[in-house]
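What follows is each chain in one-letter form.
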Amino acid sequence: MAKIAIVGAGHVGLVTGVALARDGQEVTCADVDSDRISLIQQGVVPFHEPGLSEGLRAVQRKGLFEATTDSVEAVGKSDYAFLCVGTPSTKDGAMNAEYLRAAAHDIAMGVAKGTGQKAIVLKSTVVPGTTEGIIRPIILETADKDAFLLAVSPEFLREGRALADAENPDRIVIGAETKSAARRVRSLYSHLGCPIIETDTATAEMIKLAANAFLATKVGLANELANLCDTFGVSYDQVISAVTLDKRLNPSFLVPGVGFGGSCLPKDVRMLIGYGTQGGYKPRLLEAVLAQNEVQYMRSIDLLEEELTDLRGKRIALLGLAFKGGTDDVRESRAIPIAETLLAKGASVVGYDGLAHESFLAQVPEVEMAYTIPEALSGSHGCIIQADLPELEGLTANDFLRTMQIPIVIDGRSALDPQLMDGIRYRRIG
Ligand code: NAD
Ligand code: UGA
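A quick note: this is a predicted structure, and the numbers were derived from the prediction, not measured.

1. Brief notes about the site of ligand 2
Around ligand 2 sit 19 residues in total, of which Leu 157, Glu 159, Lys 208, Asn 212 and Cys 264 are the nearest. Between a nitrogen atom of ligand 2 and a main-chain N or O atom of Val 255, the distance comes to 2.8 Å. Interatomic distance of 2.9 Å between a side-chain N/O atom of Lys 324 and an oxygen atom of ligand 2. Protein chains shield 89% of the accessible area of ligand 2, which is 710 Å² for the free molecule. Residue contributions to the shell around ligand 2 peak at four residues, all from helix α9 (residues 201-232). In the shell around ligand 2, the residues fall into eleven nonpolar, two polar and six charged.

In structure tokens form, the structure reads like this:
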């Protein structure tokens, strides 16, 4: 059994910690946010993630999981230190490394205070060169070079199914400059049935960014083709299901809609553009993916205006406020520009999301909140679906006819079955 410190108890850190503890490792999760730590100590997960609370409480009962605000002590008593803090980007694509630097400094202190050779594993998503160019020098300021091994192992989990993804990954990537560092990380994952890929650190860092750039580009292409299908009056679903019979074209991640949001796809594409340009290569395709994504939400407003002409004084239901269904995370949610545009056009907006009310209100306080879908639809002159909420499954035209003043539904995520929408003015992107 290894002793593992996790620094940064957010979506990645807490999930990683619980998954490792379920494997039988002894985990201490550390975070600077004392409110967050006190919730975790009580077995409460501070964000929505299916199965995580149960998993957390089970490993706490077994004595395999602790939480603390003292990263230095957590690292000092551990064999491994996982670095899982946020790496947000600025608008022009620069990586904000402030949290990474602070956490690396604490890890260095823990290494210097503790005994034995510690393996430090960077899990945050970073620009190629960060592990060797930022993390190692910070640790060397305080700790002896023989007191630690350094590796990067990026995370590929999705919010809403994070624990399942962390425990059944498609692959583990380990970037390290020495065989011994790679071996230390590999030993934690040898029970998994997936491929384990060993590379140098910069390649591992780039694999993560490339994966997110690929996913963002797939969604961007789906949206572009859906917009074109709408222009030509043909069905995107029919087109794409025939196109993806080609074995070279994997059919997943091609659902069109109002654009991709979340804390990672937009940020990671921005970072590739920012650092690529700085390094002498301007990634024009990725620039176009981001530029198209920034305006894609307007398709839902355009379709609504085609049906209603003038939005002034209209009451519009906005279903799905988080960046996708199954999460309470509103970071870069497309519901934010949709709500702001509706309000700017003189409409009133009533929002519904079973998980994200409070976090969304902090972003757009002018939105009225409903606590059920029928309440949101009641008396409305139109509805936009922004996220694939599980509650939308199985809804039929009657669910809208019953309560809406004008039954106009703009499905911005292909979340409803068009065959069940006879009798209402149902429009979708694609
Ligand atoms: P998050 O914002 O949910 O959590 C980060 C945590 O780090 C916060 O709790 C914060 O208080 C803590 N923190 C900040 N500075 C600290 C410090 N000095 N010491 C200790 N704790 C500190 O972030 P996240 O979503 O978990 O993302 C973390 C990293 O993982 C990012 O680089 C992100 O791009 C990457 N990633 C995220 C996901 C995802 O689905 N959210 C998936 C894969 C990779
Ligand atoms: C994404 C990646 O899928 C993960 O592999 C990665 O680890 C993570 O980013 C990260 O680096 O943080 P996540 O942000 O949880 O995971 O969300 P996704 O499920 O990828 O969805 C992202 C956005 O794309 C959402 O707004 C979603 O609605 C949209 N999307 C997704 C579509 O519009 N169409 C699709 O077909 C798929």
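Having seen the model, we can carry on.
2. Remarks on the nonpolar core
One finds Leu 83, Met 95, Leu 100, Ile 107, Val 111, Ile 120 and Ile 135 to be the most contacted residues of the largest nonpolar core, which totals 46 residues. Each residue touching Met 95, except ones within four places of it in the same chain, is listed here: Thr 87, Pro 88, Ser 89, Leu 100, Thr 125, Val 126, Val 127, Thr 130, Ile 134, Met 271 and Tyr 275. Membership of the second largest hydrophobic core comes to 44 residues, among which are Ala 21, Phe 47, Val 59 and Leu 188.

3. Observations concerning the site of ligand 1
Lining the immediate environment of ligand 1, one finds 26 residues, of which Val 12, Asp 31, Thr 87, Thr 125 and Lys 267 sit closest. Take Arg 36: an N or O atom from its side chain is 3.1 Å from an oxygen atom of ligand 1. Within the side chain of Thr 87, one N or O atom sits 2.5 Å away from an oxygen atom of ligand 1. In the complex, the protein chains occlude 89% of the 830 Å² of accessible area that ligand 1 would expose alone. Along the lines of polarity and charge, the residues of the shell around ligand 1 split into ten nonpolar, eight polar and eight charged.

4. Considering the layout of surface pockets
As a volume, the second largest pocket reaches approximately 390 Å³. Lining the second largest pocket are 16 residues, with Lys 91, Arg 270, Glu 294, Glu 332 and Arg 334 sitting closest to its centre. Breaking the lining of the second largest pocket down by element, the ones donating at least two residues are α11 (265-278) and α12 (284-296). A per-class count over the lining of the second largest pocket returns five nonpolar, five polar and six charged.

5. Details of the pattern of salt bridges
Summed over all chains, the structure comprises 22 salt bridges. Through salt bridges with shared partners, one network takes in Glu 306, Glu 307, Arg 425 and Arg 427.

6. Describing unusual backbone geometry
Of note, the phi angle at Phe 253 is positive, near 65°, even though the residue is not glycine. Locating Phe 253 in the fold gives a position in the loop between α10 (236-243) and α11. Phi at Glu 332 is positive, roughly 55°, even though this residue is not glycine. Inspection of the secondary structure puts Glu 332 in the loop between β9 (315-319) and α14 (335-344). We classify Glu 332 as partly exposed; its relative accessible area is 30%.

About the cut-offs
Residues numbered from 1 in each chain as written. Chains lettered and ligands numbered in written order. Predicted model: local features only at pLDDT ≥ 70, side-chain atom pairs only at ≥ 80, totals over all residues. Heavy atoms only, no water. Near = heavy atom within 4 Å. Polar contact = N/O pair within 3.5 Å; in protein donor to acceptor, adjacent residues only side chain to side chain. Areas by Shrake-Rupley, 256 points an atom, 1.4 Å probe, with all protein chains shown as cover. Helix = DSSP H or I, 4+ residues; strand = E, 2+ residues; numbered from the N terminus. Nonpolar A, V, L, I, M, F, W, Y, C, P; charged D, E, K, R; others polar. Core = buried A, V, L, I, M, F, W, Y, C linked by side-chain atoms within 4.5 Å. Buried < 20%, exposed > 50% of the residue type's maximum accessible area, 1.4 Å probe, protein only. Contact = heavy atoms within 4.5 Å. 1 Å grid on protein atoms, 1.4 Å probe; cavity = no way out; pocket = protein on both sides within 12 Å on 5 of 7 lines; lining within 4 Å. Points joined across faces, edges and corners; volume = space filled by probe spheres on them. Salt bridge = Lys/Arg side-chain N within 4 Å of Asp/Glu carboxyl O.

Any functional reading would require information beyond the geometric quantities listed.
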